[in-house]
Amino acid sequence: MSSIAKELANPDIKVPAEIENNLIVTSIDKIYNWSRRNSMWPMLFGLACCAIEMICTAAARYDLSRFGMEVMRPSARQADLMIVSGTVTKKMVPQIVRLYNQMPEPKYVMAMGACASGGGPFKDGYNVVSGIDKFLPVDVYVPGCPPTPQALLHGLITLQKKIDGQSIRTVRWYQPGAEEPIPVPILGPDLIDPRQATLLRQRAAEQAALAEQAALSPAEPPAAG
Amino acid sequence: MFGTGILKGMGVVLRHLLGSYADDIRYLGRKYYSPDPKQLLARQGPKGKGAMTVMYPDEKMPVPEEFRFTPFLVYEEKGAEKDYRCTSCGICAKVCPPQCIWIERTNDPKTGRPVPQPREFHIDIDICMNCGFCAEFCPFDAIKMDHNYEMASYDRTVKHIMNKEALGKPLSYYASIRPRNFQREEAARAEEEAKKAAKAAAAAAKPAAKKAAPAKKAAPAKKAAAKPAVKAAPKKAAPAKKAAPAKKAAPAKKAAPAKKAAAKPAVKKAPAKPAVAKKAAPAKKPAAKKAPAKK
Amino acid sequence: MATAELNNLKLKAEDVKLNEAFPEAVSVETRKGYSGYTVKPENLVEVATALRDRYNFKFLSSATPVHYLEQGQMEMVYHFYNLDAGGGAIVLHAQTSHDAPTIPSLTPLFPGADFQEREAWDLYGIKFPGHPNLKRILMWEGFNGHPMRKDWKEAYYEQDGKPYDTRWPGGQVHRVEDKNPFGNNVAYPDGFTLEGWSEQAERGLYEAMPVDGKGVTIEGMQTDLVTVNLGPQHPSTHGVLRLIVTLDGETIVKLEPVMGYLHRNHEKIGERNTFIQNIPFTDRLDYLTPMANNHGYVMAVEKLMGAKVPERAEYLRVIMDEFTRVASHLWWIGFFLNDLGAFFTPALYMMTEREMILDVFEATAGSRMMVNYMRFGGVARDLPPGALETLKELAFERLPRKIDEIEAYLTDNEIVRSRCIGVAAMSADEAIAYSVSGPILRAAGVRHDIRKAEPYGIYDRFDFEIPVGQTGDLFDRYKVRVFEARQSVKILQQALTQLPEGEILSGKQQYQARVPAGEAYGRIESPKGELGFYVVSNGKPNPYRYHVRAPGFINLTSLGKACQGWKVADVVAILGSVDIVLGEVDR
């Protein structure tokens, strides 16, 4: 039996010895997950320092193609996996969300490095988003600043394990009804998440009221927060 | 022209291809899945000629000693108890460039003085930039940079803010990943200890000799006493220090090497007299803790 | 040219007495720790013209805004260099009130000031009358305020300077952004709506592009100009750069880079940091050359501190810098070929060599890329046992052999030659006017290298040459970089044989460095060009001003001009030849 057959075959169902080399009995989930995880095409999409380590992972020494992932697709339409490799800035996040919406399902997102996971060292900055998971559903987080190529590979293997545990019946993209695209953030006075529009309007009204109050009684400092 | 440049270029590629086979012959039988990292490194190093792929999950590129990933807290094992070296002095939190360290210090309820152990210690590894300043500037060798890079997870909200428990790793682990640094630091610590012991011995030469008689009970009792009252006068601690060697009936100078050996449980072979060494260690510890608080 | 003017060509900065030439307009800087002159803003253009035409200080290296909040002043600091004579800079300070800051633009005189003035407008709100295209560059139109001003606060503002008080001793874990989804300090207009914002952010970008005008006329056919976006997500923009291109058929009519997609507020964070905390942040500027970034920054601060660097540390710095240069140039060659269409194979070869160098960095400094290696007054760690042998093996055996191989592989390749020769040629005068630096400047035929012009560290002890090109086209840029890699290997061979024993760090490192008040500008020849750090200290633990003169950012100024008239396919190659790294361009 080849190694692939061993990986896929259901050990509970006995196959007669004479056709053992020709027949595998397996479940749809298993074969579906197996084929999906072994040909994940990442999007050719680098943001910052982590992208350099991602390129190094794809290069000679660490060789991403051993995992069937060497086909980096520059177009979101052909990609399965988005590796968010680097600092997500407020100016860039509308584009990232748009790219994610363009990816066909099933799609996975990996937050590579501290910045993409939670803002990283630049979290203090006025133009930095504290983690891509504020906008996209992230499947795997890879810590490190930057993660070494081996750490990234470990992250990819972790993602493969996650895929192995999925079932066609429960994954969100095969549920009835079309999935809503994620609303694209707006570049306003600050970054605006359309999902928070009501809250923001409230906030704007509050600010206006406070400003009015301050005009009447300048002594009181506005309580923000 | 006429394509000669392209042909010449193809020659380079061909040579590289053949180089891979030359390497295979040179490192015969060790092409992939080499169990010995040194052989892997030889092929990966500047002498390698051809393909150099590391078959990652099956064979791993060994990381050098100085390699740093996320920080961890060093603790010394005292049976089941973990004795963190951290004194919550806060230097790492102050020097941390992205400010990813949060330390909660506590005061002793009785004396109101700060306790030299952090109540809680948090590092947000989603902010950490792996720069290693915390380890570099820690005066107590209490926080060090880890070698473990395989930390990918599915959920950051729970795993990525690491608390004292998650950050703690035993001293023996530190000794195993950074043997050279460990030895250098331990030697420096032992020297410091010896200096302090000599000073204390000189200061309390006479009363110590008399108090040495009930030494057997003094050592553990003093440990408990010395911890809350950090700023206690050095005189009190001095007898405790002397106690251990006194019981062994050995000269005070010998204590230093014994302590040094005790501090390296993993790397070095067991010290000549383990019983003595073990007793020396608890006596040493409160004294070591006191040094920062005094400053 | 008159004889007097000929003599001026070799003028050093200290020979020029601007205050005597312009007694009413210019005065010698008197603030403690500062150097150069103070110029009245209304006379700035006049003085700068004289500097350029009369004194041959043609190279406006950097234009840096500084906000002095207490004095209520906004200041622009200009560094002018004479490339023929070498040596230090003539520094001009022009001050204006910070309420409605206005300083005349130098862009008509020095096109290289274009992006820098736009950055000053974007981040500081300084208006530059006379600037042809003054709009935001790093942030977007419609953003609330000018973020680098000292009185501007971030949404999650904690404190003016690190260390933050919340961390110790009462440290509680925050994820403020989870508790307070909008943050404070952002002003939303009353009756806030979502509509129109994004258009506002985008509109300004297209306004400058020509829309009318005739396209190519082919017999019986009339075409229009087309405006196309390249990026920010595009495989050959080397990151998240965006180019707005107006095309006439396949030919570029106008090209404008749009940046800021990786603007991660390096300078604002740098001013919150303490001095030493900035060292690991500099690694992330140009993440292909972290050692050089470290070196530039520590040099600037060492100038302020007056710190001495031990001999061995100086050698280690040179060794690390030069290995970085080789690694960076190899990386560039690989990806330049990628841009030309030789997909990934050359890059694989170059990255293999880079991995060798990164291995040494990892063993010495602790990390492959983010080295955090240099300290004020030395370096952090000595070479580990065995590293010197590896380094020697690399410098004497492997790298020279591999560079020969690269030449055999690529230099005579017919496709490379036909794609490169004659493309985007740049004259020396043009390169200087655009403040271009590094290999591109040298490819244009200007023999200028800071390692020779104003030697820093111990570079004056090594024997090496500066390559220059003739035409400044892509092939010259390629050849200059290959030659430079060879020269770096030559320096490495000398440095590795001479490497003395001894200290690597002078004095005990303090976690809060004491830096006396004053300004300092430290510049080094990074693989990308002139990398400068302008640091102002007011004696406090945090730098008052921390500015990076990023070579990639300023080299991009010339891109629009260089691409004009070339085809779309060439844009990718021309952009590749500039060798940008977005971490540094956007900071």
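Residues numbered from 1 in each chain as written. Chains lettered and ligands numbered in written order. Predicted model: local features only at pLDDT ≥ 70, side-chain atom pairs only at ≥ 80, totals over all residues. Heavy atoms only, no water.

1. Comments concerning the overall build of chain B
Secondary structure summary: chain B contains 13 helices and 7 strands in total. Relative to all contacts within chain B whose residues are 6 or more apart in sequence, the contacts with residues 24 or more apart total 69%. A total of about 15000 Å² of accessible surface is found on chain B, and carbon and sulfur atoms cover 62% of it. (Helix = DSSP H or I, 4+ residues; strand = E, 2+ residues; numbered from the N terminus. Contact = heavy atoms within 4.5 Å. Areas by Shrake-Rupley, 256 points an atom, 1.4 Å probe, with all protein chains shown as cover.)

2. Overview of the interface of chain B and chain A
Listed by partner, the interface residues are 28 residues for chain B and 35 residues for chain A. For the pairing of chain B and chain A, the buried interface totals around 2500 Å² over both sides, and the portion due to carbon and sulfur atoms is 61%. By the criterion of area lost to chain A, the three top residues of chain B are Tyr56, Tyr154 and Arg156 of chain B, representing 27% of everything that side buries. Counting the contacts that link chain B with chain A gives 1 salt bridge. Note that aspartate 133 of chain A and arginine 156 of chain B form a salt bridge whose closest N and O atoms lie 2.6 Å from each other. For the interface between chain B and chain A, the tally reads 13 residue pairs in polar contact (both at pLDDT 80 or more). (Buried area = accessible area lost by both parts, 1.4 Å probe. Salt bridge = Lys/Arg side-chain N within 4 Å of Asp/Glu carboxyl O. Polar contact = N/O pair within 3.5 Å; in protein donor to acceptor, adjacent residues only side chain to side chain.)

3. A closer look at the pattern of salt bridges
Residues and elements named next belong to chain C. Throughout the structure, instances matching the rule amount to 67 salt bridges over all chains. Residue arginine 461 is joined to glutamate 311 by a salt bridge in which the shortest nitrogen-to-oxygen separation is 2.6 Å. Pair noted here: arginine 461 is in the loop between helix H16 (450-453) and helix H17 (474-498) and glutamate 311 is in helix H10 (residues 311-340), with a separation of 150 residues, a long-range link. Since its relative accessible area comes to 40%, arginine 461 is described here as partly exposed. A residue is classified by how much of its surface remains accessible, and glutamate 311, at 38% relative accessible area, is partly exposed. Across the pair arginine 486 and glutamate 407 runs a salt bridge, and its minimum N-O distance is 3.0 Å. Taken together, the residues arginine 486 in helix H17 and glutamate 407 in helix H12 (residues 387-411) connect sequence positions 79 residues apart. (Buried < 20%, exposed > 50% of the residue type's maximum accessible area, 1.4 Å probe, protein only.)

4. Observations concerning helix H2 (residues 28-37) of chain A
Structurally, the α-helix is built with 3.6 residues per turn, so residues lying three or four positions apart point the same way. All names here are of chain A. Looking at H2, one finds that the buried residues are Tyr32, Asn33, Arg36 and Arg37. All buried residues of H2 project into a common sector of 115° when viewed along the axis, lining one side. Looking at the buried positions of H2, the neighbouring elements they touch are helix H1 (3-8), strand S2 (108-112) and helix H6 (149-164). (Arc of directions from axis to C-beta.)

5. Remarks on the interface of chain A and chain C
Taken together, the contact pairs 57 residues of chain A with 66 residues of chain C. Here chain A packs against chain C, burying approximately 5500 Å² in sum over the two surfaces, 64% of which is carbon and sulfur. The three residues of chain A that bury the most area against chain C are Lys91, Tyr126 and Pro189 of chain A, which together make up 16% of that side's buried surface. Lysine 162 of chain C is paired through a salt bridge with aspartate 124 of chain A; the nearest N and O atoms lie 3.5 Å apart. Counting across the interface, chain A meets chain C through 18 residue pairs in polar contact (both at pLDDT 80 or more). Of all the secondary structure elements, the ones that give two or more residues to the side of chain A that touches chain C are helix H3 (49-58), helix H4 (93-102), strand S4 (186-187), strand S5 (191-192) and helix H7 (197-216) of chain A. When residues in the side of chain A that touches chain C are grouped by element, the largest group, 9 residues, is from H7 of chain A.

6. Let's talk about H7 of chain A
Residues and elements named next belong to chain A. The terminal C-alpha atoms of H7 lie 29 Å apart, and with 20 residues this matches the ideal 28 Å at 1.5 Å per residue to within 8%. All of the buried residues in H7 are Ala197, Leu200, Arg203, Ala204 and Ala208. Projection of H7 onto a plane perpendicular to its axis shows the buried side chains occupying an angular sector of 140°, all on one side. Within H7, the exposed residues directed more than 90 degrees away from the buried face are Thr198, Glu212 and Leu216. (Expected span 1.5 Å × (residues − 1).)

7. A word on the pairing of S2 of chain A
All names here are of chain A. In terms of burial, S2 is largely enclosed, as 5 of its 5 residues are buried. Two elements, strand S1 (residues 81-85) and S2, share 5 bridges in a ladder whose sense is parallel. Pairing of methionine 82 across the sheet is with valine 109, part of S2. Handedness of the crossover is the feature at issue here: the chain leaves S1, passes through H4, returns alongside S2, and the resulting connection is right-handed. Across 3 bridges, S2 lies against strand S3 (residues 140-142) in parallel orientation. Along S3, the bridge assignment pairs alanine 111 with tyrosine 141. Handedness of the β-α-β unit built from S2, helix H5 (residues 113-118) and S3 comes out right-handed. (Pairing = 2+ DSSP bridges. Right-handed = clockwise from strand over helix to strand, strands pointing away.)

8. Focus: the nonpolar core
Counting residues in each nonpolar core, the largest one holds 236 residues, and the members touching the most others are Leu18, Tyr78, Phe80 and Leu92 of chain C. Apart from the residues lying within four places of it in its own chain, the contact partners of leucine 92 of chain C are Leu18, Tyr37, Val39, Leu44, Val47, Leu51, Met76, Val77, Tyr78 and Phe80 of chain C. Counting residues in each nonpolar core, the second largest holds 61 residues, with Ala58 and Leu159 of chain A together with Ile101 and Ile103 of chain B among its members. (Core = buried A, V, L, I, M, F, W, Y, C linked by side-chain atoms within 4.5 Å.)

9. Examining the pairing of S1 of chain A
Of all the 5 residues making up S1 of chain A, 5 are buried; the element is thus mostly covered by neighbouring parts of the structure. Of the two faces of S1 of chain A, the one lined by Leu81, Ile83 and Ser85 of chain A and the one lined by Met82 and Val84 of chain A are each fully buried.

10. Remarks on the packing of H10 of chain C against helix H11 (residues 345-365) of chain C
Residue and element names in this part refer to chain C. One way to put it is that H10 packs onto H11 with a least axis distance of 8 Å and a crossing angle of 155°. Classified by the angle between their axes, H10 and H11 sit roughly antiparallel to one another. Viewed along their axes, H10 and H11 form a crossing whose handedness is left-handed. Two secondary-structure elements touch here, H10 through Met320, Phe323, Thr324, Val326, Ala327, Leu330, Trp331, Ile333, Gly334, Phe335 and Leu337 and H11 through Pro346, Ala347, Met350, Met351, Glu353, Arg354, Ile357, Phe361 and Thr364. (Axes fitted to C-alpha atoms, helices over the stretch in contact; angles between N-to-C directions. Parallel < 35°, antiparallel > 145°, perpendicular 65-115°, else oblique. Left-handed = near helix turned anticlockwise from the far one by under 90°.)

11. Describing the sheet that holds S2 of chain A
All names here are of chain A. Spatially, the 3 strands line up as an open sheet ordered S1-S2-S3, and their pairing is parallel. The sheet is open, and its two edges are formed by S1 and S3, each paired on a single side. Geometrically, the sheet is characterised by an average inter-axis angle of 20° between neighbouring strands, direction not taken into account. Strands S1 and S2 of the sheet are contacted by H3, whose axis makes an angle of about 130° with S1.

12. Some points on the sheet that holds strand S3 (residues 101-107) of chain B
The strands that make up a sheet pair up through hydrogen bonds in the backbone, lying either parallel or antiparallel. An order of S3-S4-S6 (chain B) is seen for the 3 strands of this open sheet, with the pairing classed as antiparallel. Since the sheet does not close on itself, it has two edges, and those belong to S3 and strand S6 (161-162) of chain B, each with one partner.

13. Quick notes on the packing of aromatic side chains
Using the criterion set out here, one finds 32 aromatic pairs over all chains in the structure. Plain terms: the ring middles of tyrosine 315 of chain C and phenylalanine 462 of chain C are 6.0 Å apart, the flat faces sit at 90° to each other, and that makes the pair edge-to-face. Of this pair, tyrosine 315 of chain C sits in helix H10 while phenylalanine 462 of chain C sits in the loop between H16 and H17, and the two are 147 residues apart along the sequence. As far as the burial class goes, tyrosine 315 of chain C and phenylalanine 462 of chain C line up, both buried. Through a chain of ring-to-ring contacts, three or more aromatic side chains come together here, namely Tyr315, Tyr456, Tyr459, Phe462 and Phe464 of chain C. A cation sits over an aromatic face here: arginine 73 of chain A above tryptophan 41 of chain A, 5.5 Å from the ring centre. Taking NZ or CZ as reference, arginine 587 of chain C lies 4.8 Å from the ring centre of phenylalanine 553 of chain C, over its face. (Phe/Tyr/Trp six-rings, centres within 6.5 Å; stacked < 30°, edge-to-face > 60°. Lys NZ or Arg CZ within 6 Å of the ring centre and 35° of its normal.)

14. A closer look at the environment of alanine 59 of chain A
Considering the arrangement of structural elements, one finds alanine 59 of chain A in the loop between H3 and S1. Judged by relative accessible area, which is 4%, alanine 59 of chain A ranks as buried. The contact partners of alanine 59 of chain A, leaving out residues within four places of it in the chain, are Leu348 and Met351 of chain C.

15. Things to note about the confidence of the model for chain C
Confidence in the prediction of chain C, expressed as mean pLDDT, is 86, and 96% of residues score 70 or more. Both scores are available for the predicted complex, with the pTM at 0.85 and the ipTM at 0.88. (pLDDT = per-residue confidence, 0-100.)

16. What to know about the environment of alanine 166 of chain B
All names here are of chain B. Topologically, alanine 166 is positioned in helix H6 (residues 164-167). Alanine 166 sits in the partly exposed class, given a relative accessible area of 42%. The sequence separation of alanine 166 and phenylalanine 133 amounts to 33 residues, and the corresponding C-alpha distance is 20 Å.

17. With respect to unusual backbone geometry
Cis geometry marks the peptide bond from glutamate 105 of chain A to proline 106 of chain A, where omega comes out at -5°. Relative to the assigned elements, proline 106 of chain A resides in the loop between H4 and S2. That bond from lysine 162 of chain C to proline 163 of chain C is cis: its omega, -5°, falls within 30 degrees of zero. Tracing the backbone through its elements, the reader meets proline 163 of chain C in the loop between helix H4 (114-124) and helix H5 (176-179). Even without a glycine there, the phi angle at serine 88 of chain B is positive, about 50°. Relative to the helices and strands, serine 88 of chain B resides in the loop between strand S2 (81-84) and helix H3 (91-95). Here serine 88 of chain B falls in the buried class, since its relative accessible area comes to 1%. A positive phi angle, near 55°, is found at serine 435 of chain C, a position not held by glycine. Looking at where serine 435 of chain C falls in the secondary structure, it is placed in the loop between helix H14 (428-433) and helix H15 (439-443).

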